[in-house]
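So the chains spell out like this:
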Amino acid sequence: MNSLAFIAGCLLTSVSVQAVEAARRPPTAVQTVLVLGDSLSDGFGLSRAEAYPALLVAKAKAAGLPVEVINASASGGTTAGGLQRLPKYLARPIDVLVVALGINDAFRGVPLTQVRANLQAIIDRTKKRNPNVRVVIAGMRLPLPGAEGYLREFGEVFGELAEKNRAALVPYLLEGVGGDPTLNLPDRIHPNASGQRLLAENVWRVLEPVLRGISEPG
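If you're wondering where the values come from, they're calculated on a predicted model, not measured in any experiment. (Residues numbered from 1 in each chain as written. Predicted model: local features only at pLDDT ≥ 70, side-chain atom pairs only at ≥ 80, totals over all residues. Heavy atoms only, no water.)

Draft legend 1. Geometry of the side chain of Asp105. Inspection of the secondary structure assignment puts Asp105 in helix α5 (residues 103-108). Setting aside residues up to four positions removed in sequence, Asp105 forms contacts with Thr78, Thr79, Val110, Val115 and Tyr150. (Helix = DSSP H or I, 4+ residues; strand = E, 2+ residues; numbered from the N terminus. Contact = heavy atoms within 4.5 Å.)

The structure is reproduced here in structure tokens:
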């Protein structure tokens, strides 16, 4: 290799490295995050300021990632209800969609084919209006020992959808919170303020790299 070719190669390498590093730098523009969930995301029994979607704003600010989080959650919400609520939130651009629905479907025994179809429709409709939207799916499960059939398959729905849509996955939204009476309200179903802070940690571990544009799909 002659000297000119060597210099050109070094320049190209430098440009490539700079491009990669630039892509990994925190964006300066405010990113809009839409959280579409149920009572767990709505902050049942608490103020909206104590629910994890609001707590994500502070985490993003501390990380130098300006975001606006729209909490489109509703207590008692199902995948069908989320699909119905979605259109009014798509009137504006959405950068990241966080889908945290499904547990109420399981409580009602909604067929898993319908749960999958509703969640997929939520993703598809959001992508139709926002082709570059990044998707985060919050996984849920009913932690019963030896669960089989519907209960086991329900827990597998979220990972399957994440893989299919090349979305980021929160393996289990209630990790470290579910079943702990000190982190839940007296009903032992809904997180208290301390529990919501742990939910924010669970989501933030996955959301931060998505906001930075460095997460791996699926």
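Draft legend 2. Broad picture of the pairing of strand β4 (residues 134-138). With four of its five residues buried, β4 lies for the most part within the structure. In this sheet, β4 lies alongside strand β3 (residues 96-100) in parallel orientation, the contact comprising four bridges. By the bridge assignment, Leu97 is partnered in β4 with Val135. Sheet topology note: the β4/strand β5 (residues 168-170) ladder contains three bridges and is parallel. Looking across to β5, one finds that Ile137 is bridged to Leu169. (Buried < 20%, exposed > 50% of the residue type's maximum accessible area, 1.4 Å probe, protein only. Pairing = 2+ DSSP bridges.)

Draft legend 3. Just the pattern of salt bridges, in detail. Applying the stated criterion across every chain, the model contains seven salt bridges. Note that Arg48 is salt-bridged to Asp42, the shortest N-O span being 2.7 Å. Classification of Arg48 as partly exposed rests on a relative accessible area of 39%. Across the pair Arg212 and Glu208 runs a salt bridge, and its minimum N-O distance is 3.2 Å. Of this pair, Arg212 and Glu208 both sit in helix α8 (residues 193-212), separated by four residues, roughly a single helical turn. (Salt bridge = Lys/Arg side-chain N within 4 Å of Asp/Glu carboxyl O.)

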